[in-house]
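Now for the letters of each chain:
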Amino acid sequence: MKGGGLRRTGSAVAAVATGLLALGLWAGAAALGGPRAATNEAPGMTALHADPGQPDISGVWLVTQFFTFSPDRALPKLKPPYDALYAKRMKAFDAGAPIDDVTADCLPPGMPHIMVVPYPFEIMQTPGRVTALYEYAGQVRRIYLDGTQNPAGSDPTYYGFSVGRWQGDALLVHTTDIREDTQADFTGLPHSDALTIDERFRRLDPETLEDEITLTDPKAYAEPFTVTRIYKLHPTWTIGEYVCEENNRNQSLANGQTGFGVEPAAGGAGVKP
Amino acid sequence: MTSRAGAGLLAFAAVCLMGVTAPTAARAHHSFAMFDREHPVVLVGTVREFQWTNPHVWIQLLVPAKAGGDEEWGVECTSVNFMRRQGWDRTSLKAGDKVKITIYPLKDGSRGGQFGGLVELNGSPSKLPGYAR
């Protein structure tokens, strides 16, 4: 029985290997054809695509401008009470004592903030799925292209639930069910629980990815707000581990202000080479 | 700031002469609003501990105080991954190293700041890059 199982396993491995080889040949051929030549896959690695004709936006990308949600620091037309909330945060920020930064305590930035953090992310394309793997806090966005419905119902989450489809060379992504307490950027740009996000990803050239991001939030914004974000390919980079809880010395204080661990971390946290 | 830093604190003009790379504005894990990026300063001291950790790498620096003894400064760098991509590793600094570094000090005057660049390591100019994300 055991031997048979092993043999079966062996056959399965062989079958998978053959399949990978075939895919590899296909991927190689596609690379010669053009669109796949721009990827940063390591030699010998195989790209899995749902459709050979699917546009390729895979790779390790880094946003070109960060800090504020809009690269030109434009703001959505905030409605009460969100305008007052943001004014309070900006006042504290300008005074050098920022408040309400949920990431100070290692909570994730969520959507749409993760799209403007100054850390790279890797896009992978597999059948029925586009996945973005973020270095910042090891976060993940799963974009379903296969009709999958939100298994969490309408429970709000940090990254919401994303469905996508290809339209020409663009990947259109619609995201719903986002937690109200995520912020759009480091300055604390707020939104409500009515926020939905539409994105349009396009590879402008082999080195450049564009994401046109539209925030629609009838409770907090007087009208939809769109920004265009640019990401550059970093073909030699790999995504590194980033565990925020390892040695976080920036926990928020009782007054909501972001702290700074001037003194050595309690218990001597940290690697001693 | 100046009085607190005592003998370890030099003028910004000296930093410019050292040719420290102009940093790109960046706070990653939280906002950089707490740092005075308009008035970088130089600290001269001895590394007590080099914390090669996320979300930030930290340099715990002992700086001689005017009144005698040492004052400890906490200097926050960027993440392990960005430091590594710039050529740093977990052995770049070690306890006991004598360093001259630039920092962007905390606006509230406490003994801490954001890493700006390593000017000298054990008496020699450092080739390790400064702060860029």
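Residues numbered from 1 in each chain as written. Chains lettered and ligands numbered in written order. Predicted model: local features only at pLDDT ≥ 70, side-chain atom pairs only at ≥ 80, totals over all residues.

**Student:** Describe the overall build of chain A, naming the residues involved and giving the relevant values.
**Tutor:** Helices and strands together make up the secondary structure of chain A, namely 2 helices and 9 strands. Counting from the amino terminus, chain A carries its helices and strands in the arrangement α-β-α-β-β-β-β-β-β-β-β. Here chain A holds 273 residues, and the buried ones make up 33% of them. For chain A, long-range pairs separated by at least 24 residues make up 55% of all intrachain contacts whose partners lie at least 6 apart in sequence. (Helix = DSSP H or I, 4+ residues; strand = E, 2+ residues; numbered from the N terminus. Buried ≥ 20, exposed ≤ 12 C-beta atoms within 10 Å, placed from the backbone. Contact = placed C-beta atoms within 7 Å.)

**Student:** Break down helix H2 (residues 82-94) of chain A for me, citing the residues and quoting the values.
**Tutor:** An α-helical turn contains 3.6 residues, so any two residues separated by three or four positions project in the same direction. Residue and element names in this part refer to chain A. Across its 13 residues, H2 extends 18 Å between first and last C-alpha, which sits within 8% of the 18 Å expected from 1.5 Å per residue. Turning to H2, its buried residues number three or more, namely Tyr 86, Arg 89, Ala 92 and Phe 93. Seen along its axis, H2 keeps its buried residues to an arc of 125°; they face one direction. Exposed side of H2, more than 90 degrees from the buried face: Ala 84, Ala 87, Lys 91 and Asp 94 are the residues found there. (Expected span 1.5 Å × (residues − 1). Arc of directions from axis to C-beta.)

**Student:** Tell me about the nonpolar core, residues and numbers included.
**Tutor:** Side chains of nonpolar character tend, in soluble globular proteins, to be buried together. Counting residues in each nonpolar core, the largest one holds 43 residues, and the members touching the most others are Trp 61 and Tyr 136 of chain A. Of all the secondary-structure elements, those providing two or more residues to this core are strand S1 (59-63), strand S2 (121-126), strand S3 (129-134), strand S6 (170-176), strand S7 (196-205), strand S8 (208-216) and strand S9 (225-233) of chain A. Ranked by the residues each element gives to this core, the list is headed by S9 of chain A, at 4 residues. If sequence neighbours within four positions are ignored, Trp 61 of chain A has contacts with Pro 120, Phe 121, Ile 123, Leu 209, Tyr 231, Lys 232 and Leu 233 of chain A. Judged by nonpolar contacts, the second largest core, of 33 residues, contains Phe 260 of chain A together with Trp 52, Trp 73 and Leu 118 of chain B. (Core = buried A, V, L, I, M, F, W, Y, C linked by C-beta atoms within 7 Å.)

**Student:** Provide a residue-level description of unusual backbone geometry, including the pertinent values.
**Tutor:** Most peptide bonds take the trans configuration, and most residues that are not glycine carry a negative phi. Residues and elements named next belong to chain A. Residue Pro 81 is bonded to the preceding Pro 80 through a cis peptide linkage, with omega at 0°. With a phi angle near 85°, Phe 67 is a residue other than glycine that sits in the positive phi range. Relative to the helices and strands, Phe 67 is located in the loop between S1 and H2. Residue Ala 137 is not a glycine yet carries a positive backbone phi of 60°. In this fold, Ala 137 is placed in the loop between S3 and strand S4 (140-144). Classification of Ala 137 by C-beta neighbours within 10 Å gives buried; the count is 20.

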